[in-house]
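Spelled out, the chains give:
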Amino acid sequence: MDREELIAALERHGTEGAGRSVLALRAGTSFQVWAGSTASASRLVAIWAWRAECLAEDGVVSHWDFDQGLPDLRRAGDTAVALGQVGTAGDSQLVFLTADLSSCVAVL
């Protein structure tokens with residue numbers, strides 16, 4: 001997946017997190033998509049929901065957008081998704097894409 005394809009997938013998603021990733025990509029930030037490996041969205045939401053809960057219990061403020069991203073990922077159900085990462089100012093965002101990489105499912 002090249003930079004422009006990832007930007008197009010994120011723009012179709014239309015969330016604030018996707019918008020931040022698009023801006024970072026246009027500014028030349030690093031990115032990676034693990035296209036050859038997918039997992040069901042329901043499996044990944046269980047992992048990330050647990051992580052969000054642990055961070056909240058510990059009082060850790062996270063840069064991940066759990067409030068928007070987890071519901072988006074949950075709605076994908078058992079759909080196979082690929083994971084990507086986009087560098088942002090001082091951190092990174094996780095990007096969940098459909099298995100064919102054409103659409104963004106969620107951004108954390």
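Conventions and cut-offs
- Residues numbered from 1 in each chain as written.
- Predicted model: local features only at pLDDT ≥ 70, side-chain atom pairs only at ≥ 80, totals over all residues.
- Heavy atoms only, no water.
- Helix = DSSP H or I, 4+ residues; strand = E, 2+ residues; numbered from the N terminus.
- Pairing = 2+ DSSP bridges.
- Axes fitted to C-alpha atoms, helices over the stretch in contact; angles between N-to-C directions.
- Contact = heavy atoms within 4.5 Å.
- Buried < 20%, exposed > 50% of the residue type's maximum accessible area, 1.4 Å probe, protein only.
- Arc of directions from axis to C-beta.
- Polar contact = N/O pair within 3.5 Å; in protein donor to acceptor, adjacent residues only side chain to side chain.
- Parallel < 35°, antiparallel > 145°, perpendicular 65-115°, else oblique.
- Left-handed = near helix turned anticlockwise from the far one by under 90°.
- Nonpolar A, V, L, I, M, F, W, Y, C, P; charged D, E, K, R; others polar.
- Salt bridge = Lys/Arg side-chain N within 4 Å of Asp/Glu carboxyl O.

**Student:** Help me understand the environment of E4, please; the structure alone is not making it clear to me.
**Tutor:** Mapping E4 onto the fold places it in helix α1 (residues 3-13). Note: C-alpha distance between E4 and F31 (27 residues apart in sequence) is 11 Å.

**Student:** Looking at this model, I keep getting lost on the sheet that holds strand β2 (residues 80-88). Mind explaining?
**Tutor:** Strand-to-strand pairing in sheets goes through backbone hydrogen bonds, with the strands running parallel or antiparallel. Strand order in the open sheet made by the 4 strands is β1-β2-β3-β4, with antiparallel pairing throughout. Both edges of this open sheet fall to β1 (31-40) and β4 (104-107), since each of them pairs with a single strand only. Taking the axes of each pair of neighbouring strands and ignoring which way they run, one obtains an average angle of 25° across the sheet. Those strands touched by α1 are β1, β2, β3 (91-98) and β4, and its axis lies near 80° from that of β4. Against the sheet, helix α2 (residues 16-26) touches β1, β2, β3 and β4, its axis set at about 55° to β2.

**Student:** Help me understand α1, please; the structure alone is not making it clear to me.
**Tutor:** One full turn of an α-helix is made of 3.6 residues, so residues set three or four places apart face in the same direction. Inspection of α1 places L6, I7, A9, L10 and H13 among the buried residues, and these make up the whole buried set. Taken around the axis of α1, the buried residues stretch over an arc of 165°, which confines them to a single face. In α1, the exposed residues that point more than 90 degrees away from the buried face are E4 and R12. Those residues of α1 that are buried lie in contact with α2, β1, α4 (66-75), β2, β3 and β4. Here α1 starts with a cap whose side-chain oxygen sits 3.1 Å from the backbone nitrogen of E4, and that cap is D2. Positive phi shows up at G14, right after α1, with a value of about 75°.

**Student:** Where do I start with the packing of helix α3 (residues 41-57) against α4 in this structure?
**Tutor:** Packed helices, taken two at a time, are described by the angle between their axes plus the distance between the axes. One can describe the packing of α3 onto α4 by two numbers: an axis separation of 9 Å at closest approach and a directional angle of 155°. The pairing of α3 with α4 is recorded here as roughly antiparallel in orientation. Crossing of α3 against α4: the hand is left-handed. Contacts from A41, L44, V45, W48, A49, A52 and L55 of α3 reach α4 at F66, L70, L73 and R74. Tallied by class, the residues present in the contact of α3 with α4 amount to 10 nonpolar, no polar and 1 charged.

**Student:** What is the right way to look at the pattern of salt bridges in this model?
**Tutor:** Pairing between side chains of opposite charge can happen when their charged atoms approach one another. Applying the stated rule across the entire model yields 3 salt bridges. Here R26 and E11 are joined by a salt bridge, their closest N and O atoms 2.3 Å apart. Highlighted residues: R26 in helix α2 and E11 in helix α1, separated in sequence by 15 residues. Across the pair D72 and R75 runs a salt bridge, and its minimum N-O distance is 2.3 Å. Of this pair, D72 and R75 both sit in helix α4, 3 residues apart, roughly one helical turn.

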